[in-house]
Amino acid sequence: MTGSLRGWNCPGIALLLIGLAVGVPCMADDEYQGPRQRMLDEIQATVTRTQLHTGRQRLSARVMEAIASVPRHEFVPQELRDLAYANRPLPIGHGQTISQPYIVALMTELAGLQPDDVVLEIGTGSGYQAAVLATLVRQVYTIEIIPDLGQRAVTDLSRLGYANVQVRIGDGYHGWPEHAPYDAILVTAAPDRIPAPLLEQLRPGGRLVVPVGPPDQTQSLKLLRKDEGGLLQEEDVLPVGFVPLTGAH
Ligand code: SAM
């Protein structure tokens with residue numbers, strides 16, 4: 001489903017009607033417009049502050065527009081909605097978090113996405129990152145190990161009209177071989193080492209974005225590029241702190 005069909009930006013009456021028909025919110029009477037703009041400003045300020053690490057001065061307009069288009073308040077617990085557009089992670093239950101908006105934006109940028117791409121995300125959590133990806137690519141597959149979170153994400157993504165996202169409950173360490181190869185893979189929980197199945201499921205020319213390191217210590221957000229010959233190039237982009245990739249793999 002396209003961004004406009006979700007009715008989120010609601011540029012005109014026709015889209016407003018479509019938006020109402022599928023029961024989704026509309027920017028025109030959106031009480032979160034101010035907070036969302038402040039969040040975008042905060043993301044840019046953080047990009048500037050971290051540019052010595054990342055080597056990136058700005059994020060692309062396409063990524064910033066995707067972030068602007070997704071109603072983050074729909075992905076956080078009701079009692080935390082007032083904080084939905086703060087540039088910080090928030091608890092979503094089961095000891096897990098919705099990632100900091102700056103990190104979501106940076107990981108999306110690093111993935112270098114094209115409109116026809118097929119993307120795999122490991123760690124669905126709230127479904128927010130999957131929604132951002134869904135506005136940018138053809139198809140998103142996402143895996144969550146905690147059934148309650150995965151089921152909630154299915155409900156929220158469907159309610160909001162993100163029809164090009166499929167959620168699977170399971171251990172994302174093994175990837176989702178049935179839909180491979182992927183143009184990009186994003187991992188939003190930190191493994192000790194890069195899972196070999198994810199490297200195998202990456203298309204030549206594809207990108208893997210993954211935080212790597214031990215739990216409760218600083219990890220390194222890595223960007224791996226697989227060239228057309230299958231050779232991998234690795235870049236350490238930023239020190240980060242993610243929840244661990246769990247599972248019995
Ligand atoms: N991307 C999420 C979002 O937008 O809300 C945030 C993800 S949260 C930082 C990390 C998620 O990874 C948690 O929901 C956690 O349960 C999940 N996770 C941890 N280990 C996993 C595994 N082996 N396979 C799939 N999901 C896993």
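Look a little higher up for the structure.
Residues numbered from 1 in each chain as written. Predicted model: local features only at pLDDT ≥ 70, side-chain atom pairs only at ≥ 80, totals over all residues. Heavy atoms only, no water.

A.B. asks: What exactly am I supposed to notice about the sheet that holds strand 6 (residues 182-187) here?
C.D. replies: Across a sheet, paired strands are connected by hydrogen bonds in the backbone, their directions being either parallel or antiparallel. On the basis of which strands lie adjacent, the open sheet formed by seven strands has the order 5-4-3-6-7-8-9 and mixed pairing. Only two strands of the sheet have a single partner each, and these edge strands are strand 5 (165-169) and strand 9 (232-240). In this sheet, adjacent strand axes meet at a mean angle of 15° when their direction is disregarded. Pairing of strand 6 with strand 7 (residues 202-212) involves four bridges; the strand directions are parallel. What sits directly across from Ala-184, in strand 7, is Arg-207. Contacts from helix 5 (residues 101-110) reach strand 6, strand 7, strand 8 (219-226) and strand 9 within the one sheet, and its direction differs from that of strand 9 by about 170°. Against the sheet, helix 7 (residues 147-159) engages strand 4 (139-144) and strand 5, with an angle of about 165° to strand 5. (Pairing = 2+ DSSP bridges. Helix = DSSP H or I, 4+ residues; strand = E, 2+ residues; numbered from the N terminus. Axes fitted to C-alpha atoms, helices over the stretch in contact; angles between N-to-C directions. Contact = heavy atoms within 4.5 Å.)

A.B. asks: Where do I start with unusual backbone geometry in this structure?
C.D. replies: Working note: non-glycine residues mostly have negative phi, and peptide bonds are mostly trans. At the junction of Ala-180 and Pro-181, the peptide bond is cis and its omega measures out at 5° in the coordinates. Within the secondary structure layout, Pro-181 lies in the loop between strand 5 and strand 6. Even without being glycine, His-94 reaches a positive phi, approximately 60°. Position of His-94 relative to the elements: it lies in the loop between strand 1 (90-93) and strand 2 (96-98).

A.B. asks: Would you take a moment to explain the site of the ligand for this structure?
C.D. replies: By nearness alone, 27 residues border the ligand, and Ser-126, Glu-144, Asp-171, Gly-172 and Thr-246 come closest of all. Contacts to the ligand include Glu-144, whose side-chain N or O atom sits 2.6 Å from an oxygen atom. Contact with the protein chains covers 99% of the free accessible surface of the ligand, which is 600 Å². With three residues, strand 2 is the largest single contributor of residues to the shell around the ligand. Looking at side-chain class alone, the shell around the ligand contains eleven nonpolar, 13 polar and three charged residues. (Near = heavy atom within 4 Å. Polar contact = N/O pair within 3.5 Å; in protein donor to acceptor, adjacent residues only side chain to side chain. Areas by Shrake-Rupley, 256 points an atom, 1.4 Å probe, with all protein chains shown as cover. Nonpolar A, V, L, I, M, F, W, Y, C, P; charged D, E, K, R; others polar.)

A.B. asks: What exactly am I supposed to notice about the pattern of salt bridges here?
C.D. replies: Two side chains that carry opposite charge are able to pair once their charged atoms sit near each other. Summed over all chains, the structure comprises twelve salt bridges. Between Arg-56 and Glu-235 there is a salt bridge, with its nearest N and O atoms 3.1 Å apart. Taken together, the positions of Arg-56 in the loop between helix 3 (51-54) and helix 4 (61-69) and Glu-235 in strand 9 put the pair 179 residues apart, joining distant regions of the chain. Of the residues examined, Arg-56 reaches a relative accessible area of 19% and is grouped as buried. Owing to a relative accessible area of 22%, Glu-235 belongs among the partly exposed residues under this scheme. For Arg-138, the salt bridge identified is with Asp-116, shortest N-O distance 2.9 Å. Pair noted here: Arg-138 is in the loop between helix 6 (128-134) and strand 4 and Asp-116 is in the loop between helix 5 and strand 3 (118-122), with a separation of 22 residues, a long-range link. (Salt bridge = Lys/Arg side-chain N within 4 Å of Asp/Glu carboxyl O. Buried < 20%, exposed > 50% of the residue type's maximum accessible area, 1.4 Å probe, protein only.)

A.B. asks: In this structure, what is going on with the nonpolar core? I would like to understand it.
C.D. replies: Nonpolar side chains tend to gather and get buried jointly when the protein is soluble and globular. Of all hydrophobic cores here, the largest spans 56 residues; its most connected members are Ile-43, Ile-67, Phe-75, Tyr-128 and Tyr-162. Looking at which element gives the most residues to this core, the answer is helix 5, with seven residues. Membership of the second largest hydrophobic core comes to 18 residues, among which are Ile-143, Leu-198, Leu-199 and Val-212. (Core = buried A, V, L, I, M, F, W, Y, C linked by side-chain atoms within 4.5 Å.)

A.B. asks: Looking at this structure, I do not really get helix 4. What am I missing?
C.D. replies: Each α-helix turn comprises 3.6 residues. Residues three or four places apart therefore point the same way. Among all positions of helix 4, only Val-63, Met-64, Ala-66, Ile-67, Ala-68 and Ser-69 are buried. Contacts from the buried residues of helix 4 go to helix 2 (33-49), helix 5 and helix 6.

A.B. asks: Help me out: how do you make sense of the environment of Tyr-128 in this one?
C.D. replies: Locating Tyr-128 in the fold gives a position in helix 6. Along the backbone, Tyr-128 and Val-70 are 58 residues apart, and their C-alpha atoms lie at a distance of 7.8 Å. The residues touching Tyr-128, leaving out its near neighbours within four places in the chain, are Met-39, Ile-67, Val-70, Arg-72, Phe-75, Ile-98 and Val-104.

A.B. asks: Quick question: what am I supposed to make of the side chain of Gln-139 here?
C.D. replies: Looking at where Gln-139 falls in the secondary structure, it is placed in strand 4. A distance of 3.2 Å separates the side chain of Gln-139 from the backbone oxygen of Asn-164, its partner in a polar contact. If we skip the residues at most four places from it in the chain, Gln-139 touches Asp-117, Val-118, Val-119, Asn-164, Val-165 and Gln-166.

Nothing here speaks to function; it is all geometry.
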